Amino acid sequence: MTLDVEKIRRDFPILSKLVYGKPLVYLDNAATSQKPRQVIQALVDYYEGYNANVHRGVHALSMESTERYEEARRKVAGFIGAPSPENLIFVRNTTEGINLAASSWGAANIGPGDEILVTEMEHHSNLVPWQRLAKAKGARMRFIPVTEEGTLDLSDLDTLLNHRTKLVAMTHMSNVLGAINPVKDIGAKAHAVGARILIDAAQSVPHMPVNVQDLDCDFLAFSSHKMLGPTGIGGLYVRSETLEKMEPFLTGGEMVLEVTYDYATWNDLPMRFEAGTPNIAGSIGLGAAVDYLESLGMEQVHRRERELTAYALDTLKELSEEFNFYGPTDLNARGAIVSFNSPDIHPHDLGTMLDQGGIAIRAGHHCAMPLIRDRLGVAATARASFYIYNTKDEVDLLKAALKDALRYFSKTLAPK
Amino acid sequence: MRDTSFDQLDDLYQEVILDHYRNPRNRGEIPSPHVSARGFNPYCGDEVILALNLDDGRRVDAVAFSGQGCSISQASASILTELVKGKSLAETRRLSQLLRSLIHGDELTDEELDLMGEMEALRGVRRFPIRVKCALLAWATLDDGIEEYEGGQ
């Protein structure tokens with residue numbers, strides 16, 4: 001069974017929008033995805049039908065919102081294969097999930113001389129929290145290098161991983177290179193030296209089947225807005241035995257059991273990590289996004305995107321004299337992200353030009369400055385990233401627009 | 001197939017801008033300059049490094065820029081280096097304000113437009129709000145450099 005892309009497209013109201021009078025071609029899905037009406041409707045239903053605070057009202061609306069909120073947690077936990085809904089903490093986004101892990105687990109378990117191993121292809125969100133923690137604790141950051149082709153260079157992994165390694169924090173899929181990393185293998189080796197593994201799954205959970213028990217990871221963070229859901233909500237999975245020992249991240253209402261003027265006791269899991277009124281509507285919207293993705297099947301989603309990526313790489317190959325393309329060539333090791341750069345047009349200028357044709361791409365450092373500058377050796381790249389509603393026609397439009405942009409710039413930039 | 005029309009872009013990518021981008025003026029460095037500053041746009045990675053030397057009358061005697069980025073940010077820096085030569089620090093500050101007024105869409109007098117010279121070509125940036133930072137980067141960097149220099153005097 002293949003996905004009916006035309007039917008899918010009809011579920012996304014924004015895809016019929018005109019930009020400068022031209023149909024929108026949305027190729028910035030690695031930044032954020034568009035939302036189907038089923039998700040939008042779930043938000044409307046909540047606010048129109050049962051808006052109330054959760055976990056504390058005895059009235060009908062509060063009971064309904066609590067039930068729907070926890071139902072969303074069950075759905076999302078099930079989607080990533082968590083053993084129990086209690087393993088899933090609702091956070092604002094991947095960044096907050098990683099910060100929660102760094103503050104609650106990291107601060108208590110990483111000390112002077114310990115090592116935190118990350119990769120050179122991390123998004124700032126899985127780099128900066130660890131840098132700060134390492135500085136505060138006198139720990140050392142170490143890096144798994146990136147090869148010329150844009151995959152991880154694992155040749156020194158056995159030295160990089162040692163008895164001082166307390167944590168391996170790595171991306172499942174690079175938001176710049178599209179590389180899908182062998183997190184399960186690396187995780188097994190990390191566990192063998194007694195380290196924990198945290199997976200930044202912001203780019204993988206939306207696009208491929210992800211199962212935390214199969215990956216055998218200790219932490220896994222992801223964002224709703226990249227997987228058809230609303231902004232401002234995401235999830236952090238934590239393995240039970242780790243979660244039970246973790247101190248709270250934020251404190252206040254909702255996360256407590258009993259409070260006196262002198263002390264407080266913590267609530268059960270996972271509420272212990274959800275201080276204050278949570279993003280109720282967002283969580284329910286994320287639950288609707290999970291329903292939508294599950295109705296398609298994540299295997300199908302992944303297969304469809306691989307097909308589109310293959311088509312894109314093949315189509316854009318015609319421009320390989322004008323553009324450098326980054327990322328692995330093995331389609332089994334890459335997701336639907338294509339980064340490129342031309343010595344003749346700065347990505348920023350390219351982004352503006354494509355925008356004139358209604359084509360939305362991303363231009364910049366993609367929140368991975370060290371990778372872009374030190375490894376790819378450029379200041380910025382242009383990036384096209386795909387999702388379930390993108391088509392081969394849109395890839396053709398991208399190629400045509402890139403050609404037009406090159407022509408425009410070479411015409412206007414012809415040396416005098 | 002649609003045509004990708006770039007008519008709208010001719011305002012942004014004026015001949016003058018593209019010429020400065022392709023053939024930047026005063027690109028380089030000055031050893032131990034009186035005034036120096038580095039500007040960086042964290043959103044897109046554009047970078048401009050400015051260096052100025054002043055003469056005895058505290059007028060800009062030599063100026064150079066380096067860095068990397070899009071056509072707008074680099075052309076704007078190149079135009080800056082030509083404009084500020086021979087100017088006092090107060091006059092360069094005025095130029096910086098004039099550019100902001102231009103991009104803001106304020107009415108400018110003939111005398112002001114005259115002062116701006118080729119910088120007027122950046123007028124088109126106004127219709128591309130996301131690129132305003134690119135156009136202003138070099139000038140904001142200059143403002144910072146002068147402030148730091150004057151603070152140290």
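The numbering scheme is per chain: residues are counted from 1 as the chain's sequence reads. As a convention, the first chain written is A and the first ligand written is 1, with the rest following in written order. The model is predicted, so local features are restricted to residues of pLDDT at least 70 and side-chain atom pairs to those at 80 or more, both for listing and for counting; the totals for chains, interfaces and linings are taken over all residues. Values reported for side chains reflect all heavy atoms of the structure, with hydrogen atoms and water molecules removed beforehand.

Engineer: What am I meant to see in helix H5 (residues 128-137) of chain A here?
Structural biologist: Three- or four-residue spacings in an α-helix give side chains the same orientation, since the helix completes a turn every 3.6 residues. Residue and element names in this part refer to chain A. Within H5, the full set of buried residues consists of Pro129, Trp130, Leu133 and Ala134. Projected onto a plane normal to the axis of H5, the buried residues spread over an arc of 130° and lie on a single side. When the buried face of H5 is taken as reference, the exposed residues oriented beyond 90 degrees from it are Arg132, Lys135 and Ala136. Residue contacts are defined here by distance: any two heavy atoms, one from each residue, within 4.5 Å place the two residues in contact. The way it works is that DSSP assigns letters per residue, a run of H or I at least four long becomes a helix, a run of E at least two long becomes a strand, and they are numbered from the N terminus. Packing partners of the buried residues in H5 comprise helix H4 (94-109), strand E5 (115-119), strand E6 (140-144), strand E7 (165-171) and strand E8 (196-200). Where H5 ends, the next residue or the one after it, Gly138, has phi of about 70°, a positive value. Categorising residues by exposure relies on relative accessible area from a 1.4 Å probe, with only protein chains included: less than 20% of the type maximum marks a residue as buried, more than 50% marks it as exposed, and the intermediate range marks it as partly exposed. Here the arc refers to the directions that run from the helix axis out to each C-beta atom.

Engineer: Explanation requested: the nonpolar core in the structure shown.
Structural biologist: Side chains of a nonpolar character, in soluble globular proteins, are inclined to be buried together. Residue and element names in this part refer to chain A. Ile80, Val205, Leu220, Met227, Leu228, Ile388 and Tyr389 are the most contacted members of the largest nonpolar core, which has 76 residues in total. Among the elements that line this core, the one with the most residues is helix H10 (residues 280-296), at 10 residues. Split by domain, this core shows at least three residues from each of two domains, domain 1 (5-29 + 298-412) and domain 2 (40-294). Among the buried residues, those of types Ala, Val, Leu, Ile, Met, Phe, Trp, Tyr and Cys that are joined through side-chain atoms within 4.5 Å form a nonpolar core. An automatic or database domain assignment provides the domain bounds reported here.

Engineer: Could you clarify how one ought to interpret the pattern of salt bridges in this entry?
Structural biologist: Should their charged atoms come close, side chains of opposite charge can pair. Salt bridges are counted wherever a side-chain nitrogen of Lys or Arg sits within 4 Å of a carboxyl oxygen of Asp or Glu. In this structure the tally under the stated criterion is 32 salt bridges over all chains. Among the salt bridges present, the one from A:Asp114 reaches A:Lys166, with a minimum N-O distance of 3.4 Å. Residue A:Asp114 is found in the loop between H4 and E5, and its partner A:Lys166 is found in strand E7; the two are separated by 52 residues along the sequence. A residue is classified by how much of its surface remains accessible, and A:Asp114, at 13% relative accessible area, is buried. Note that B:Glu82 is salt-bridged to B:Arg25, the shortest N-O span being 3.9 Å. Here B:Glu82 is found in helix H2 (residues 71-84), whereas its partner B:Arg25 is found in the loop between helix H1 (15-22) and strand E1 (35-40), with 57 residues between them in sequence.

Engineer: How should I be thinking about the sheet that holds E8(A) in this particular structure?
Structural biologist: All names here are of chain A. Paired strands, as defined in this entry, are two strands with at least two bridges between them according to DSSP. Read across the open sheet, the seven strands follow the order E4-E10-E9-E8-E7-E5-E6; overall the sheet is mixed. The outermost strands of the open sheet, each flanked by one partner alone, are strand E4 (88-91) and E6. Across the sheet, the mean angle separating the axes of adjacent strands is 20° when strand polarity is ignored. Throughout, an axis means a line fitted to C-alpha atoms (over the contacting stretch in the case of helices), and angles, computed between N-to-C directions, take values from 0 to 180 degrees. Contacts from H4 reach E4, E7, E8, strand E9 (219-223) and strand E10 (234-238) within the one sheet, and its direction differs from that of E9 by about 155°.

Engineer: What am I meant to see in the packing of helix H3 (residues 60-79) of chain A against H10(A) here?
Structural biologist: Angle between the axes and distance between the axes are the two parameters that describe a pair of packed helices. All names here are of chain A. Where H3 meets H10, the closest approach of the two axes is 8 Å, and the angle between their N-to-C directions is 40°. Taken together, the axes of H3 and H10 are oblique relative to one another. The two elements H3 and H10 cross, and the hand of that crossing is left-handed. Contacts from Arg68, Tyr69, Ala72, Lys75, Val76 and Phe79 in H3 reach Ile280, Ser283, Ile284, Leu286, Gly287, Val290, Asp291, Leu293 and Glu294 in H10. Polarity classes work like this: nonpolar for Ala, Val, Leu, Ile, Met, Phe, Trp, Tyr, Cys and Pro, charged for Asp, Glu, Lys and Arg, and polar for all others, with Gly in that last group. Class assignment for the residues of the contact of H3 with H10 results in nine nonpolar, two polar and four charged. Oblique is the label for any angle not under 35 degrees, not over 145, and not in the 65 to 115 range, which are roughly parallel, roughly antiparallel and roughly perpendicular in turn. Note: crossing handedness is left-handed where the near helix turns anticlockwise from the far helix by less than a right angle, and right-handed where it turns clockwise.

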